[in-house]
Amino acid sequence: MYNPKSTKAEEFISNDEILTTIEYAQNNKSNISLIKDILLKAKNKKGLTHKEAAVLMLCDYEEIEKEIFELAKEIKEEYYGNRIVLFAPLYLSNYCINGCIYCPYHSQNKHIPRKKMTQEEIRNEVIALQDMGHKRLAVESGEDPVNNPIEYILESIETIYSIKHKNGAIRRVNVNIAATTIENYKKLHEAKIGTYILFQETYNKESYEILHPTGPKHNYEYHTESMDRAMQAGIDDVGLGVLFGLENYIYEFIALIMHAEHLENVYGVGPHTISLPRIRPADDINPDSFTHALSDDLFKKLTALIRITVPYTGLIISTRESKECRKELLELGVSQISGGSKTSVGGYYKNEEEDKDSSQFQVNDNRTLDEVVNWLTSLNYLPSFCTACYGSGRTGERFMDICKKQQIHNFCHPNAIMTLKEYLIDYASSNTRKNAEKLIKKEIEKIQDENQKQIVIENLKKIENGIRDLKF
Ligand code: SF4
Ligand code: SF4
C-alpha cells in the first residue's frame, strides 16, 4: 500500500505505485492538454509530483522537450544563478564486505589492491587537497565493520577538520558511507558532518537483491530506510542518488522523486542534494553487461526534469561524466561538480598512475581543479568554494525555507565571490587568476543591495590582506 508518510520502504517506495505511475505516464504521454497543464504548473517553479514528472519524462514531443530544457535553465538561473559549487571525493578505504556486482570494491574481487589509509596518510591526502584549493570533501569508504568501523570514520573526520595547512582548511565534510544505525548516525551528526549521502543504486527491490547478492547491503529495506534513520538521528541534510544504468531509468526516476516526496512529507525537508551518477568502466566491471545504459540525450532530459521537479535540491555531477557532457548538464540544472578528482584510496598524495588500480571507477574528466575553475569561468559560471551555511546553522528545514523563498541567492552569490577570491590568491595559476578576476568584477556589479556590495568590496580587500573565511 503506497503511503509517502510511512517510514517503511515498501510503503513509501511502493512497487505498485511506481508501476501504476509508469502505466499512467504511458497512457498520457501524448495527452497534449494534460502535458500543457503540467508544464504550466512547472512554470510556477514550485516543483511537480512524481506522476506529473513521469508524464513529461515519457512524452516525446520535440517542442515539449525544448520547453522542458528552457524551463530547467530558467529555474537553475533563478535558484542558483551562475554559481557552481566545487568539491572532491576522498576515499578512505576500499575494504568492503558487500557483493555489489557493479563495483570493483566488491568482496569477491581478489585482484584489486585493498587499502585503508592511516591517519597520517589522511593528513597527507588532505594537505594535497587543500593545496589544490578544495574546501569541501565527500568522504567515501567501503563497508567493513572490522577494517572501517564507525570509530575509524569518526577519527578520520576529526583528522580532516583539524588540518590547517597554509591558508587551507576543509570546512565541510560530507559523508558517503554504508547504511548504518541511528546510534551511528548520531555520532556522525556530533562529528559535524555536512550532508549524509547514500546512493540507493536501484529502487527496484528485485534487481536490488540480485545486484547485491551478499553482505549487509543485500537488505533492501535497511538500505532504503537509511535516510529516515539519519534524519531521526538529527542529520537534516541528506543526499539521494541512483546509479543510472542498473535498472530501467523511468522506474528509477519515479522512485527517486517518491523518495524526495517521502522525506518532505515526514520530516518537512526534502533531500539537500541528488547525485546523478551513470555506470562507468572499472576493474572487473564492464558497463556493457548492464542492459539499461542511459543515452546522453535521455540523461539530459532526466537531469532537466529533476531540476524542474525538485527546484530547491542541489544536483551533483561527478567526473564520471566527460567535459562535454558536464557542460550541457550544467546548463540544465546541475549546481555542484567535483573537480580534480581521484577515485582511488590515497590518489591525491601519490601519483595517479601508481594508484589507478585501486580506483572505484574510471574518471571521464581528468582535468585539474585549476583547469576546471578556468573552464567554468570561460563559460561565465561563477566557481564557488562556499561552505557558509554549514558554519552558520543554515541546514535542514531552515535552509530549505530560505531556499524555497528563493533568498538563498543573497548568501550564495557574495560567498561565491569571496571564496573564489581566496582560491585565486592562494592556489590559482596566473591565467585562471586573470580570467576569474574579470568575472569577479562583473559579479560584484550584479549585487543589488548597495550595503552588501560595499561589504563584499571591503571583504575582498581583507582577503587580499590575508584574512580568510569571511562569509554571509
Ligand atoms: Fe562496497 Fe560500496 Fe562498492 Fe558496494 S558500492 S562494493 S558497498 S564500496
Ligand atoms: Fe551552499 Fe549555503 Fe554557500 Fe549557498 S551560502 S553555496 S547554499 S553553503
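S.K.: I'd like to hear about the packing of aromatic side chains, residue by residue, with values.
M.R.: Inspection of the entire model under this criterion finds seven aromatic pairs. When the centroid spacing of 6.4 Å and the interplanar angle of 35° are considered together, the rings of tyrosine 79 and tyrosine 80 count as tilted. Since its relative accessible area comes to 3%, tyrosine 79 is described here as buried. What makes tyrosine 80 buried here is its relative accessible area of 11%.

S.K.: Tell me about the packing of helix α19 (residues 409-426) against helix α20 (residues 430-446), and name the residues and values.
M.R.: Orientation of α19 relative to α20, taken along the N-to-C sense of each, is 160°, at an axis distance of 10 Å. Here α20 runs roughly antiparallel to α19, going by the angle between their axes. For the pair α19 and α20, the sense of crossing is left-handed. From α19, His413, Ile417, Leu420, Lys421, Leu424 and Ile425 reach across to α20, where they touch Thr432, Arg433, Ala436, Glu437, Leu439, Ile440, Glu443, Ile444 and Lys446. Of the residues in the contact of α19 with α20, the class split is eight nonpolar, two polar and five charged.

S.K.: Could you give me a rundown of the environment of arginine 307, with the residues and numbers involved?
M.R.: With respect to the secondary-structure elements, arginine 307 resides in helix α13 (residues 296-309). Residue classification places arginine 307 among the buried positions, given a relative accessible area of 0%. Sequence separation of arginine 307 and lysine 45 is 262 residues, and the distance between their C-alpha atoms is 9.6 Å. For arginine 307, the contacting residues outside a window of four places in its chain are Ala72, Ile75, Lys76, Tyr80, Tyr312, Thr313, Leu315, Leu332 and Gly333. Only 2.7 Å separates the side chain of arginine 307 from the backbone oxygen of glycine 333, close enough to count as a polar contact.

S.K.: If you had to explain the site of ligand 2 to someone new, which residues and values would you point to?
M.R.: Lining the immediate environment of ligand 2, one finds Arg136, Cys386, Thr387, Ala388, Cys389, Arg394, Phe399, Ile408, Phe411, Cys412 and Asn415. Secondary-structure elements contributing two or more residues to the shell around ligand 2 are α17 (388-391) and α19. Ranked by residues supplied to the shell around ligand 2, first place goes to α19 with three residues. Its residues assigned to classes, the shell around ligand 2 comprises seven nonpolar, two polar and two charged.

S.K.: Go over the pairing of strand β3 (residues 172-176), please, and point to the residues and values.
M.R.: Most of β3 is tucked away, with five of its five residues classed as buried. Along β3, one buried face is formed by Arg172, Asn174 and Asn176 and the opposite face, lined by Val173 and Val175, is buried too. Where strand β2 (residues 136-141) meets β3, five bridges bridge the pair, whose relative direction is parallel. Across the sheet, residue arginine 136 finds its bridge partner in β3, namely arginine 172. Each parallel crossover has a hand, and for β2 linked through helix α7 (residues 150-162) to β3 it is right-handed.

S.K.: Just give me the short version of the packing of α19 against helix α21 (residues 450-464), but keep the residues and values in it.
M.R.: Between α19 and α21, whose axes approach to 10 Å, the crossing angle comes to 20°. Taken together, the axes of α19 and α21 lie roughly parallel to each other. Crossing handedness for the pair α19 and α21: right-handed. In this structure, α19 contributes Asn410, Pro414, Ile417, Met418, Lys421, Glu422 and Ile425 to the contact, and α21 contributes Gln452, Val456, Asn459, Leu460, Ile463 and Glu464.

S.K.: Quick one: what's the story with helix α16 (residues 369-378), residue by residue and with numbers?
M.R.: For an α-helix, 3.6 residues make a turn, and residues three or four places apart therefore share a direction. Summarising burial for α16: eight of the ten residues are buried, a large majority. Every buried residue belonging to α16 is among Leu369, Asp370, Val372, Val373, Asn374, Trp375, Leu376 and Thr377, and all of these are buried. At the exit of α16 stands asparagine 380, carrying a positive phi of roughly 75°.

S.K.: Go over the nonpolar core, please, and point to the residues and values.
M.R.: Formed by 149 residues in total, the largest nonpolar core has its most connected members in Leu188, Phe253 and Ile337. Sort the elements by how many residues they give to this core and helix α12 (residues 249-267) lands first, with twelve residues. Beyond its immediate sequence surroundings of up to four residues, leucine 188 is in contact with Ile150, Ile153, Leu154, Ile157, Val175, Ile177, Ile193 and Ile235. Counting five residues, the second largest nonpolar core, distinct from the first, contains Phe87, Ala138, Ile197 and Ile316.

S.K.: Break down the side chain of asparagine 98 for me, with residues and values.
M.R.: Looking at the element boundaries, asparagine 98 is found in the loop between β1 (83-93) and α6 (119-132). Classification of asparagine 98 as buried rests on a relative accessible area of 2%. Here lysine 217 takes part through its backbone nitrogen, which lies 2.9 Å from a polar atom of the side chain of asparagine 98. Dropping the residues within four chain positions of it, asparagine 98 is found in contact with His106, Ser107, Glu143, Thr214, Gly215, Pro216 and Lys217.

S.K.: Let's hear about helix α5 (residues 62-80): which residues, and what values?
M.R.: Helix length check: α5 (19 residues) gives 27 Å between terminal C-alpha atoms against 27 Å at 1.5 Å per residue, within 8%. Listed as buried for α5 are Ile64, Ile68, Phe69, Leu71, Ala72, Ile75, Lys76, Tyr79 and Tyr80. Viewed end-on, α5 has its buried residues packed into an arc of 165°, placing them on one side of the element. Residues Glu62, Lys66 and Glu77 are exposed on α5 and point more than 90 degrees away from its buried face. Glycine 81, located one to two residues past α5, shows a positive phi value of around 60°.

Each value, and the rule that gives it
Residues numbered from 1 in each chain as written. Chains lettered and ligands numbered in written order. Predicted model: local features only at pLDDT ≥ 70, side-chain atom pairs only at ≥ 80, totals over all residues. Heavy atoms only, no water. Phe/Tyr/Trp six-rings, centres within 6.5 Å; stacked < 30°, edge-to-face > 60°. Buried < 20%, exposed > 50% of the residue type's maximum accessible area, 1.4 Å probe, protein only. Axes fitted to C-alpha atoms, helices over the stretch in contact; angles between N-to-C directions. Helix = DSSP H or I, 4+ residues; strand = E, 2+ residues; numbered from the N terminus. Parallel < 35°, antiparallel > 145°, perpendicular 65-115°, else oblique. Left-handed = near helix turned anticlockwise from the far one by under 90°. Contact = heavy atoms within 4.5 Å. Nonpolar A, V, L, I, M, F, W, Y, C, P; charged D, E, K, R; others polar. Polar contact = N/O pair within 3.5 Å; in protein donor to acceptor, adjacent residues only side chain to side chain. Near = heavy atom within 4 Å. Pairing = 2+ DSSP bridges. Right-handed = clockwise from strand over helix to strand, strands pointing away. Core = buried A, V, L, I, M, F, W, Y, C linked by side-chain atoms within 4.5 Å. Expected span 1.5 Å × (residues − 1). Arc of directions from axis to C-beta.

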